[in-house]
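A look at the structure
Each chain is listed here by its residues.
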Amino acid sequence: MLTTSQMLYYFGISIDLTLTGLVGLKLAPVPALATLPFALISVGSWCATYPASAFMRRYGRKAGFLVGSGAAMLGGLASVTALYTQQFVLFCCGIACIGVYQAFAGYYRYAAADIHPPEQRGKAISTVLSGGVIAAVIGPFLATTVKDVLPVEFAGSYALVTVLALISLGVLSLLTADGPAAPAPATAGPEPEESRAARTLKEIARQPVFLAGAVGSCVGYFVMSSLMTAAPLAAVRAGHTVHDGAQVIQWHMVGMYATAFVSGRLTKKIGAGWTLLIGGAISALGTAVAMAGPSHMNFMIALGLIGVGWNLMYVSGSALVANSYRPQERSVIQGVGEIFTLGGSAVGSLSAGPVLDALGWTPMNAALLAPIALSALITLGYLLRSRTTRRG
C-alpha cells in the first residue's frame, strides 16, 4: 500500500513538475515570476516537513498521510480554479499545497523502514521508491495528453492531480495506524533500546551515522534539484527544442526511480555508507558529462546519471538516518532529517536559475562538485569510525 501510494504521489508530482513552469509563464503578471509556482513545491514542502512530523507524532502516521493526500486534492482543485479564473496567486496557493503533500509523502519510506530490522531498511525504502518508475515514464505523457480535456488549457492535467489524490486517500485509508514495531535484533545487551530514555536532539545529531545520512540525502537532493531545474533552460539556450528539454527530464526521472530496483539490494550487500559514496561518485560523473559539451546526448546522459546518483544517495542516506534513532525518538529525528533533505531540494530549485544566469551551465556543474566532496568526506569519516568501533 505504501508503494502504491508512492506511485500515486509521483504521478501527481510529475504532472506538476512537467507543466507548472508553463502555466506559471501563462498566468504570471510579469515573466520574472513565472518560476515562482515551481519553486513553491520545494519551499512548501520544506516549510511543512517538520509540522508534518509533529502532527504524525500526535495523531499517527495514517492520519498524517491522509492529510497529505487531502492537501493534494485541495491543491489540484485550486489549480483548476486558478486556470479558469486566470488568478496567479490562487495558482501559487494550489501548487504550495502540492508541496505540503510532498512533505507528508516523504515519510512513506520511513514508515516502511520502521517495520524492518536495520539490515533490511535500505531494501524497504527502495521498494517503496520503486513506485515512481511507472510514474516517471507515464506521468509527463499523461500531463500533456489530458491538458486539453477541459475547455481551458492545462485544466484537465490539474484535474487529474485531484483524481489521483482522491485515489490515494482511498488506498491510505486501508493502512493500519502505524504498523507493527520492527523486530528487536537478537543480541545481548543490558536493556532493549525501547526501554531506554530518549536522547537529546544534540546527542543524536552528533552521531556520525546521522550526519552521514542527513548530509548525504541533503546533498543528493540539492544537486538533483539544481540540475533538474536548470537543465531544460540550459538546453533551450544551447539551441535545443522544448521537446528535447522535456526528454532530458524524462530520462532524468527514469534514472531517479528505476535505480530503486537495485539501490536497496546494494545497500544491504555492501552497506549504506559505501552505497552513499557510490551515489556521490555517479553524481560527480554526471556533472563531468554535463561539462563535456552542450549536445542533446550529453544532457540526457548527464541528467540520467544525476538521477541514478540521487536515488543511491537518497536511499542510503535515509537508511543511515533510520539507523540513528531509537523507536521512541523516530518522529523528531525523521522530521529533522527531512528538514535537511527538503532544505537541499528547496535551496537547489530556488538558486538554480540565478546561478545558471550568473555562472553558466558548465561552471554551475563544476561548482556542484564541492558539496558532493563534502558529503563524501563526512561519509568516509563515518565509515572509519564504524570500523574502529567494530575493532574495539
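Residues numbered from 1 in each chain as written. Predicted model: local features only at pLDDT ≥ 70, side-chain atom pairs only at ≥ 80, totals over all residues. Heavy atoms only, no water.

1. Let's talk about the environment of S14
Take S14: it is sitting in helix α1 (residues 2-27). Once the C-alpha coordinates of S14 and T259 are considered, the two residues, 245 residues apart in sequence, prove to be 17 Å apart. Looking at S14, its side chain comes within polar contact range of the main-chain oxygen of F11, at 2.8 Å. (Helix = DSSP H or I, 4+ residues; strand = E, 2+ residues; numbered from the N terminus. Polar contact = N/O pair within 3.5 Å; in protein donor to acceptor, adjacent residues only side chain to side chain.)

2. Re a nonpolar patch on the surface
A surface patch of nonpolar side chains, about 440 Å² in accessible area, is lined by I270, W274, I278, L377 and L380. When contributions to the nonpolar patch are tallied by element, the ones reaching two or more residues are α13 (272-291) and α17 (369-391). As for its position among the elements, I270 is in helix α12 (residues 260-270). (Patch = residues over 30% accessible without salt bridge, like charges linked within 9 Å, V, L, I, M, F, W, Y side chains within 5 Å. Areas by Shrake-Rupley, 256 points an atom, 1.4 Å probe, with all protein chains shown as cover. Salt bridge = Lys/Arg side-chain N within 4 Å of Asp/Glu carboxyl O.)

3. Some details on unusual backbone geometry
Backbone geometry at Q86 places phi at a positive 60 degrees, although glycine is not the residue there. Along the polypeptide, Q86 turns up in the loop between α3 (61-85) and α4 (88-105). Taking relative accessible area as the criterion, Q86 reaches 44% and is therefore assigned partly exposed. (Buried < 20%, exposed > 50% of the residue type's maximum accessible area, 1.4 Å probe, protein only.)

4. A look at the domain arrangement of the protein
Structurally, the protein comprises domain 1 (1-174) and domain 2 (201-389). If you average the C-alpha positions of domain 1 and of domain 2, the two centres end up 20 Å apart. In this assembly, 37 residues from domain 1 lie in contact with 38 residues from domain 2. Of the roughly 3300 Å² buried where domain 1 meets domain 2, counting both sides, 66% is carbon and sulfur surface. Among the ionic pairs, R109 bridges to E338, the shortest N-O distance being 2.5 Å. Along the contact surface separating domain 1 from domain 2 lie 6 residue pairs in polar contact (both at pLDDT 80 or more). Of all elements in the fold, only α1, α2 (36-59), α4, α5 (108-113), α6 (121-129) and α7 (132-145) reach the threshold of two or more residues within the side of domain 1 that touches domain 2. Here the element with the most residues in the side of domain 1 that touches domain 2 is α2; it accounts for 10 residues. (Domains from an automatic or database assignment. Contact = heavy atoms within 4.5 Å. Buried area = accessible area lost by both parts, 1.4 Å probe.)

5. Some points on the nonpolar core
Counting 103 residues, the largest nonpolar core has F65, Y108, Y158 and W361 as the members making the most contacts within it. A total of 15 residues in this core trace back to one element, the largest contributor, which is helix α10 (residues 208-237). (Core = buried A, V, L, I, M, F, W, Y, C linked by side-chain atoms within 4.5 Å.)

6. Focus: the side chain of Q102
Along the chain, Q102 falls in helix α4. Q102 gets classed as buried once you look at its relative accessible area, which sits at 10%. Separated by 3.1 Å, the side chains of Q102 and S45 make a polar contact. In this structure Q102 touches Y9, I13, I41, S42, S45 and L342, once residues within four positions along its chain are discounted.

7. Points about helix α14 (residues 296-322)
Between its terminal C-alpha atoms α14 stretches 39 Å, which fits the 39 Å expected from 27 residues at 1.5 Å a residue. With 23 of 27 residues buried, α14 is to be regarded as a mostly interior element. (Expected span 1.5 Å × (residues − 1).)

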